[in-house]
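# A look at the structure
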Amino acid sequence: MLLTSLTAPAVAADEFFRIAVIDPNRIVEESPQYEAARNLLSAEAQEREAELTSQQEDIARLERRLERDGALMRADEVTRLRNDIRARERRLRYAQEELQADFALRQSDLRTKLVQQVEEVVEQVAKDKGFDLILSEGVVYSSPRADISDEVIERLKEVFEKR
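Please read these numbers as outputs of a predicted model, since none were measured by experiment. (Residues numbered from 1 in each chain as written. Predicted model: local features only at pLDDT ≥ 70, side-chain atom pairs only at ≥ 80, totals over all residues. Heavy atoms only, no water.)

### Regarding the overall build of the protein
- Assigned secondary structure in the protein consists of 4 helices and 2 strands.
- Tracing the protein from N to C terminus, the helices and strands come up as β-α-α-α-β-α.
- Taken over C-alpha atoms, the radius of gyration comes to 30 Å for the protein, far larger than the 15 Å a tight globule of 163 residues would show.
- Principal-axis analysis of the C-alpha atoms places the extent of the protein at approximately 110 × 50 × 20 Å.
- For the protein, with 163 residues in total, the buried portion stands at 24%. (Helix = DSSP H or I, 4+ residues; strand = E, 2+ residues; numbered from the N terminus. Rg over C-alpha atoms; globule rule 2.2 N^0.38 Å. Buried < 20%, exposed > 50% of the residue type's maximum accessible area, 1.4 Å probe, protein only.)

### Quick word on the packing of aromatic side chains
- Tallied over the full model, the rule gives 0 aromatic pairs.
- One Lys or Arg, Arg18, reaches over the ring of Phe131 and ends 4.4 Å from the middle of that ring. (Phe/Tyr/Trp six-rings, centres within 6.5 Å; stacked < 30°, edge-to-face > 60°. Lys NZ or Arg CZ within 6 Å of the ring centre and 35° of its normal.)

### Notes on the pattern of salt bridges
- For the coordinates displayed, the defined rule picks out 14 salt bridges.
- Two residues, Glu30 and Arg26, come together in a salt bridge whose shortest N-O distance is 3.2 Å. Placement of both Glu30 and Arg26 in helix H1 (residues 24-30) is noted, with a separation of 4 residues, approximately one turn of the helix.
- Two residues, Asp76 and Arg74, come together in a salt bridge whose shortest N-O distance is 3.2 Å.
- Each of Arg26, Glu30 and Asp150 takes part in salt bridges that share partners, so that together they form one network. (Salt bridge = Lys/Arg side-chain N within 4 Å of Asp/Glu carboxyl O.)

### Comments concerning helix H4 (residues 149-162)
- In this model, H4 (14 residues) spans 20 Å end to end at C-alpha, consistent with the 20 Å of a helix rising 1.5 Å per residue.
- All of the buried residues along H4 are Ser149, Val152, Ile153 and Leu156. Axial view of H4: buried residues confined to an arc of 100 degrees, hence all on one face. Opposite the buried face of H4, by more than 90 degrees, sit the exposed residues Glu161 and Lys162. (Expected span 1.5 Å × (residues − 1). Arc of directions from axis to C-beta.)

### Some words on a nonpolar patch on the surface
- Among the surface-exposed residues, Phe17, Ile19, Leu133, Leu135 and Val139 lie close enough to one another that they form a single nonpolar patch of about 450 Å² accessible area.
- Take Leu133: it is sitting in strand E2 (residues 133-135).
- Owing to a relative accessible area of 39%, Leu133 belongs among the partly exposed residues under this scheme. (Patch = residues over 30% accessible without salt bridge, like charges linked within 9 Å, V, L, I, M, F, W, Y side chains within 5 Å. Areas by Shrake-Rupley, 256 points an atom, 1.4 Å probe, with all protein chains shown as cover.)

### Remarks on the nonpolar core
- Among the nonpolar cores identified, the biggest contains 15 residues, and Ile22, Ile27, Val118, Ile148, Val152 and Leu156 are the most heavily contacted of them.
- Looking at this core, the elements that each hand over two or more residues are H1, helix H3 (75-129) and H4.
- Sorting elements by how many residues they give to this core places H3 first, with 6 residues.
- Setting aside anything within four residues of it in sequence, one finds Ile27 in contact with Ile22, Val118, Ser149, Val152, Ile153 and Leu156.
- Leu62, Met73, Val78 and Leu81 belong to the second largest nonpolar core, which has 11 residues in total. (Core = buried A, V, L, I, M, F, W, Y, C linked by side-chain atoms within 4.5 Å. Contact = heavy atoms within 4.5 Å.)

### Here we look at the environment of Glu30
- Overall, Glu30 belongs to the partly exposed group, its relative accessible area being 41%.
- Taking C-alpha positions, Glu30 is 22 Å from Leu105, a pair spaced 75 residues apart along the chain.
- Glu30 has contacts with Ile153 and Lys157, leaving out every residue within four places of it along the chain.

### Some details on the confidence of the model for the protein
- Mean pLDDT over the protein works out to 87, with 91% of the residues at or above the 70 mark.
- Under a pLDDT of 50 for its full length, residues 1-11 has, in the predicted model, 0 contacts with residues more than four places off or in other chains. (pLDDT = per-residue confidence, 0-100.)

As structure tokens, then:
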């Protein structure tokens, strides 16, 4: 009778793989870069929204004028005022659509840059700490000991402060 051994061969200590996990959403949301990008987008949007609000108020003022004084105005003045209101409404709609498209593009741009920076920092932490593999999304379980998200966030803070 032949007996076979199913045990694994002896492995040297330096042949073990070091594996860690990260929570990419937490890293992004807790990074100062994310906060700075969010504040920048918010400031840009507020400025442009103030312009749109001003345009809406101008249209409302003209509509009130038409409603109040329309019966006393000549027909050509009423027509001219209605055409002005319609033209302003079209420009406002276009400006609102443009704001939404610009905002989405800027948001995507900033997110792409942040993701790239996070990837660079994760790679640097992995090299500095000697990790062979870093897992992120799709991990069913990991012990808190394997999670290096805090280290990545701290490194992102250092990078942010240096700029």
